[in-house]
Amino acid sequence: MVGTASRNTGVEGVDGGVGVTALLVAAARAIETHRDDSLAQDVYAEHFVRAAPASANWPVRIGQVPDGDADPLWGRFARYFGLRTRVLDDFLLRSAHEGARQVVLFGAGLDTRAFRLDWPSDCVIYEIDREGVLEFKHKVLADLPATPRATRVTVAVDLRADWVTALTGAGFDPAAPSAWLAEGLLFYLPSAAETYLMDSVDLLSTRGSSLAFEVKLEKDLLEYRDSPLYTATRQKIGIDLLRLFDPGPRPDSAGRLEGRGWSTEVHTPFDFTRHHGRGPLPEPNDALEGNRWFFARKTRC
């Protein structure tokens, strides 16, 4: 079953602005899928890449990259996205098998977890993103043998707008345990929108709910402007990530949650590289140095 709660908040799709980053992550997932030592499988990812004019010529296999894993973008950065996908897949499935029956994907983009993960049959997956991104995703998946493995509900709304009303109007139940995910999202939101998101998650979460989110700790993002990762992304595919990231100071979202009855733990991506035996490791002038993955659980109301 697919439901849609529509809110008219703009029609920008995947060929402009932050939407193009969804294609970047899809290309990375496609490359990861075809690796011999793959960390995550997403058989739909390359179809998104090929369907969009902005990415039609991007690689979807590491063998299509002249420098292979030595390429900062399609090697190291793509492997980062593959690792992140695996870690967050594990988080969501663990949450679902511990009792969460609602999963909310903020800025879902071209996420296909509703189709590719082994969910409990009574789970509901809510995908929140802008209308244009969700429309593109629907068109591509409609041409494929793609069937959700749980109830999937799309919620078309900009996260800078009133997404709470849109989500609850689509059937979300605040009284039921939930798993929330903000993957690769908060960098792009103004500080006030991030605070609103965290406060709203807290208000909509009952005891036992869980949340994973990603932040950057750098006080000055421009410090890494000339890093190989950002430079390659600009030069090879024309995405200047630092122009897309919100430049304002970031709130202490983990501290805010801890003050409201959540327990939190934080990891670097490199922690999981070492755990899985593959993925990026620290290097000089590293644009990934400040990335942190937070995992939170609501322990009291």
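Going by the structure above, here's the rest.
Residues numbered from 1 in each chain as written. Predicted model: local features only at pLDDT ≥ 70, side-chain atom pairs only at ≥ 80, totals over all residues. Heavy atoms only, no water.

A. The arrangement of helix 3 (residues 72-97) in detail. Taking 1.5 Å as the rise per residue, helix 3 with 26 residues should run 38 Å; its terminal C-alpha atoms sit 36 Å apart, in good agreement. At A78, helix 3 shows its strongest bend, of approximately 25 degrees. Taking burial as the measure, the 26 residues of helix 3 include 21 buried ones, the bulk of the element. Looking one or two residues beyond helix 3, the residue adopting positive phi is G99, at roughly 125 degrees. (Helix = DSSP H or I, 4+ residues; strand = E, 2+ residues; numbered from the N terminus. Expected span 1.5 Å × (residues − 1). Bend = angle between axes of the 7 residues up to and from the residue. Buried < 20%, exposed > 50% of the residue type's maximum accessible area, 1.4 Å probe, protein only.)

B. Seen up close, the packing of aromatic side chains. On inspection of all chains with the given rule, the structure shows 21 aromatic pairs. Ring geometry for W163 against Y196: centres 5.9 Å apart, planes inclined by 65 degrees, an arrangement best described as edge-to-face. Placement of W163 in helix 6 (residues 163-169) and of Y196 in helix 7 (residues 191-204) is noted, with a sequence separation of 33 residues between them. You can call W163 buried: its relative accessible area is 0%. When its relative accessible area of 31% is taken as the criterion, Y196 is described as partly exposed. What links up through ring pairs into an aromatic cluster is the set F77, Y80, F81, F91, F272, W293 and F295. The cationic tip of K216 hangs over the ring face of F187; the distance from NZ or CZ to the ring centre is 5.8 Å. (Phe/Tyr/Trp six-rings, centres within 6.5 Å; stacked < 30°, edge-to-face > 60°. Lys NZ or Arg CZ within 6 Å of the ring centre and 35° of its normal.)

C. Here's a closer look at the pattern of salt bridges. Tallied over the entire structure, the rule returns 29 salt bridges. We note a salt bridge from R84 to E214, for which the minimum N-O separation is 2.7 Å. Of this pair, R84 sits in helix 3 while E214 sits in strand 6 (residues 210-216), placing them 130 residues apart in sequence. Taking the relative accessible area as the measure of exposure, E214 reaches 2% and is therefore buried. The partner of R160 in a salt bridge is D158, and the shortest N-O contact between them spans 2.7 Å. Taking the relative accessible area as the measure of exposure, R160 reaches 58% and is therefore exposed. Relative accessible area serves as the criterion here: at 11%, D158 is assigned to the buried category. Residues joined by salt bridges that share partners form a network here, namely R29, R84, D89, D111, R113, R116, E183 and E214. (Salt bridge = Lys/Arg side-chain N within 4 Å of Asp/Glu carboxyl O.)

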